[in-house]
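Coordinate analysis (summary)
Spelled out, the chains give:
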Amino acid sequence: MEAVIDNLKSHGIFENKKPLFIEKITVHKRTMELSIPFETSFGRFSSLVRFYPEIIFKTEEGELVKGIGECSPLNAPWYNYECHRSVETALKYIVAGLTGKDIEDADGLPAKNIEPVTNVHSFVTRYKWIVGHNTAKCGAEGAYWNAVARLNKVPVSKLWGGTRKQVETGTSIGLEADAEALLKKIDIAVLKMKATRIKVKVKPGKDISYIEAIRKKYPYLPLQVDANASYDLFNPLHIAILQEFDNYNLMMIEQPGGNDDIYDHSRQLAGLKTPICLDESILHTVHARQAIDLWKQYSSVDRLIINIKPPRVGGYFEAIKIAGLCNDNGVSAWCGGMFESAIGKTANIHFSSRIEVNLPGDHISQAPYFKNDIADSPEYNEGKIEVPAGSGWGLKNIYSFDE
Ligand code: OSB
Ligand code: MG
């Protein structure tokens, strides 16, 4: 398969040509309480730290425009190697790169005579040299797009070639102590939220009996499971469980095997009817292309699904490229979440307005994600969420960053 090209036009993405001078970068930090503590196979958490890179740009005419993005790490390196501590450090390098300064001198103000940025490549190039740290990079790129959209008085989705006015929304439910507790949450998601589909976390020992209980009560519910890398694809007992999932008409099994594995997923599970969804192991377009190649060789493309999370792949342009690649090859794609607060979730919703994102995303929770969110979220109604039409992210109220 050929490499994916970086040409913005061919991906239907707006190319900003106006020189934008970086005036000042400020990174806001905010700790927020989750409304409902969340448990997965890798850990349990009740509060999260979010970073909001804010960039003030100046046009050649002297107009000032502000953009804000979000970085949404977890508290420890559970899901990937990133955590809020690593993001805080990586952001210092990103700010240094963007402002043309050494890390020791990076104060958010630009170096003398530094060139303006124009399109997203010219922006991203300043920190592309940093290996990894995708969650940190995503927040910086978000600030860029937010500013460009506000300058042009259009919603970000328009710059990204998104056409949906609303996107289908599912919900992710964490591990519960027993099937009864899980069913209580399923009831809320089905009856009260009317989520388009439900995803439940599973791990060895908390799997078949839970799914069985759900299916008994809701035989036709669009249902999928997420294992967060908790099964060993070379353990016959684990393989037997994964094969048993085939009896429950699941939409997909998300990342059952190794956190950084693509190859063994493609081969060891080739016999399953249920599609395999990759989350943790797809960090960029090259991984997506390699996964598609492997599924073509050992399985088939209709059994591969990719969960595209902009923070995991280092930004929105990369996410759009992966979505296009999936679509070109008959692979379904959807946008998962990282417990983003309102800015990050809204960015994901704008991304999901692209037609290639063809399965419901994780954009809502049983209760508002946070007790003290940073802004009011877009309107949700019976499984659908509005893609904001206002300029920038289109958020109505962004509250103070001060805690
Ligand atoms: O694996 O999709 C995941 C949350 C944090 C880290 C990883 C994952 C998740 C979720 C929740 O499943 C998604 C959300 O509602 O934001
Ligand atoms: Mg996942």
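In this report, we go over the structure that sits alongside the text. The written sequence of each chain sets the order in which its residues are numbered from 1. Going through the entries in the order they are written, you letter the chains from A and number the ligands from 1. This being a predicted model, a pLDDT of at least 70 is required before a residue's local features are given, and a value of 80 or more before pairs of side-chain atoms are given or counted; all residues contribute to the totals for chains, interfaces and linings. In computing side-chain properties, one takes all heavy atoms of the structure into account and sets aside hydrogens as well as water.

What follows deals with the site of ligand 1. Near residues are defined by distance, with any heavy atom within 4 Å of the molecule or strand qualifying the residue. Lining the immediate surroundings of ligand 1 are 17 residues, of which K201, N228, K309, K345 and Y369 lie closest. The definition of a polar contact used here is a pair of N or O atoms within 3.5 Å, where within protein one atom must be able to donate a hydrogen and the other to accept one, and adjacent residues in sequence count solely through side-chain atom pairs. In the model, an oxygen atom of ligand 1 is placed 3.0 Å from a nitrogen or oxygen of the S172 side chain. Charged residues are taken to be Asp, Glu, Lys and Arg, nonpolar residues to be Ala, Val, Leu, Ile, Met, Phe, Trp, Tyr, Cys and Pro, and polar residues to be all remaining types, Gly included. Of the residues assigned to the shell around ligand 1, the class counts are 6 nonpolar, 3 polar and 8 charged.

So, about the packing of aromatic side chains. Here is the rule: rings of Phe, Tyr and Trp (six-membered ring for Trp) pair when centre to centre is within 6.5 Å. Planes less than 30 degrees apart are stacked, more than 60 are edge-to-face, and the remainder are tilted. Scanning the entire structure with this criterion turns up 19 aromatic pairs. Between F38 and F45, the ring centres sit 6.2 Å apart and the planes meet at 40°, which makes this aromatic pair tilted. When accessible area is computed with a 1.4 Å probe and restricted to protein chains, residues below 20% of their type maximum are described as buried, those above 50% as exposed, and intermediate ones as partly exposed. Judged by its relative accessible area of 8%, F38 is buried. The class of F45 is buried, set by a relative accessible area of 5%. When the ring of F57 is compared with that of F123, the centres are 6.4 Å apart and the planes differ by 55°; the resulting orientation is tilted. Note that F57 is positioned in strand 2 (residues 43-58) and F123 in helix 2 (residues 120-124), a separation of 66 residues in sequence. Each of the two residues, F57 as well as F123, counts as buried. Put simply, the rings of F57, F123, Y127, Y144, W145, W160, Y316 and W393 touch in pairs and so form one group of aromatic residues. If you follow R197 out to its NZ or CZ, it ends over the ring of W334, 4.9 Å from the centre. For helices the rule is a DSSP run of H or I covering at least 4 residues; for strands it is a run of E covering at least 2, with both sets numbered from the N terminus onward. In this analysis the charged atom, NZ for Lys or CZ for Arg, is taken to sit over a ring once it is within 6 Å of the ring centre and within 35 degrees of the ring normal.

Its 14 residues give helix 9 (residues 285-298) an end-to-end C-alpha distance of 20 Å, which sits within 8% of 20 Å, the value for a rise of 1.5 Å per residue. Along helix 9, the positions that sit buried rather than exposed are T285, H287, A288, R289, A291, I292, L294 and W295. For this analysis, residues touch if any pair of their heavy atoms sits within 4.5 Å. Along its buried surface, helix 9 packs onto helix 8 (263-268), strand 8 (276-278), strand 9 (304-307) and helix 11 (316-328). A helix's residues, less one, multiplied by 1.5 Å, set its expected span.

Whenever strands of a sheet pair, they do so through backbone hydrogen bonds, lying parallel or antiparallel. Strands sit in the order 1-2-3 across an open sheet of 3 strands; the sheet is antiparallel. Each edge of the open sheet is held by one strand with a lone partner, namely strand 1 (21-40) and strand 3 (64-68). Across this sheet, the average inter-strand angle for adjacent strands is 15°, counted without regard to direction. With 5 bridges joining them, strand 2 and strand 3 adopt antiparallel strand pairing. For I55, the partnering residue across the bridge sits in strand 3 and is G67. Comment: axis = line fitted to C-alpha atoms, over the contacting stretch for helices; angle = value between 0 and 180 degrees taken between N-to-C directions. Helix-sheet contacts for helix 3 (residues 134-152) involve strand 2 and strand 3, and the interaxial angle to strand 3 is about 140°. What makes two strands pair is DSSP finding at least two bridges between them.

On to the environment of I349. When you line up the elements, I349 lands in helix 12 (residues 342-352). Sequence-wise, I349 and E386 are 37 residues apart; in three dimensions their C-alpha atoms are separated by 8.1 Å. With residues up to four places along the chain from it excluded, the contact list for I349 reads V167, H363, P378, I385, E386, V387 and P388.

Right, let's talk about the coordination of the magnesium ion (ligand 2) for a bit. Sites may look incomplete because water is not among the atoms; the donors themselves are N, O and S atoms within 2.8 Å of the metal, or within 3.2 Å for Na, K and Ca. Note on the magnesium ion (ligand 2): its protein donors are D226 (OD), E254 (OE) and D279 (OD). The metal-donor distances range over 2.1 to 2.3 Å. In the primary sequence, the donor residues of the magnesium ion (ligand 2) line up as D-x27-E-x24-D. Residue E254 is located in strand 7 (residues 253-254), and its partner D279 is located in the loop between strand 8 and helix 9; the two are separated by 25 residues in the primary sequence.

Where burial is concerned, the two faces of strand 5 (residues 198-201) agree: the one with I198 and V200 and the one with K199 and K201 are both buried. As for the winding sense of the linkage, the β-α-β connection from strand 4 (residues 166-173) through helix 5 (residues 179-193) to strand 5 is right-handed. Here strand 5 runs beside strand 6 (residues 223-226); their pairing, made up of 4 bridges, is parallel. Looking at strand 6, one finds that I198 is bridged to L223. With helix 6 (residues 208-217) bridging strand 5 and its parallel neighbour strand 6, the resulting β-α-β unit is right-handed. Handedness is read with the strands pointing away from the viewer; a crossover is right-handed when the path from the first strand over the helix to the second is clockwise.

Here we come to the state of the cysteines. Working definition: a disulfide is two cysteine sulfur atoms within 2.5 Å of each other. Throughout the structure, instances matching the rule amount to 0 disulfides. Cysteine C71 is unpaired, with the sulfur of C138 as its nearest cysteine sulfur at 7.3 Å. Summary of cysteine pairing: C335 is not part of a disulfide, and the nearest cysteine sulfur, belonging to C138, is at 9.5 Å. According to the relative accessible area criterion, C335 is buried, its value standing at 0%.

Below, the discussion takes up the pattern of salt bridges. Salt bridge, as used here, is a side-chain nitrogen of Lys or Arg placed within 4 Å of a carboxyl oxygen of Asp or Glu. In this structure the tally under the stated criterion is 17 salt bridges. Across the pair R312 and D279 runs a salt bridge whose closest N-O atoms are separated by 2.7 Å. One end of the pair, R312, is in helix 10 (residues 310-313); the other, D279, is in the loop between strand 8 and helix 9, with 33 residues separating them in the sequence. The exposure classification of R312 matches that of D279, with both residues buried. Where salt bridges share partners, they join R197, K199, K201, D226, E254 and D362 into one cluster.

Viewed as axis vectors pointing N to C, helix 1 (residues 84-99) and helix 3 meet at an angle of 45°, and their least axial separation amounts to 9 Å. Our classification of the angle between helix 1 and helix 3 gives oblique. Where helix 1 crosses over helix 3, the two elements pack in a sense that is right-handed. Contacts between helix 1 and helix 3 involve V87, A90, L91, I94 and L98 from the former and T135, A136, K137 and A140 from the latter. Of the residues that constitute the contact of helix 1 with helix 3, the class distribution is 7 nonpolar, 1 polar and 1 charged. If an angle is under 35 degrees, it is roughly parallel; if it is over 145, roughly antiparallel; if it lies from 65 to 115, roughly perpendicular; otherwise it is oblique. By definition, any crossing whose near helix is turned counterclockwise from its far helix by less than a right angle is left-handed, and any crossing with a clockwise turn is right-handed.

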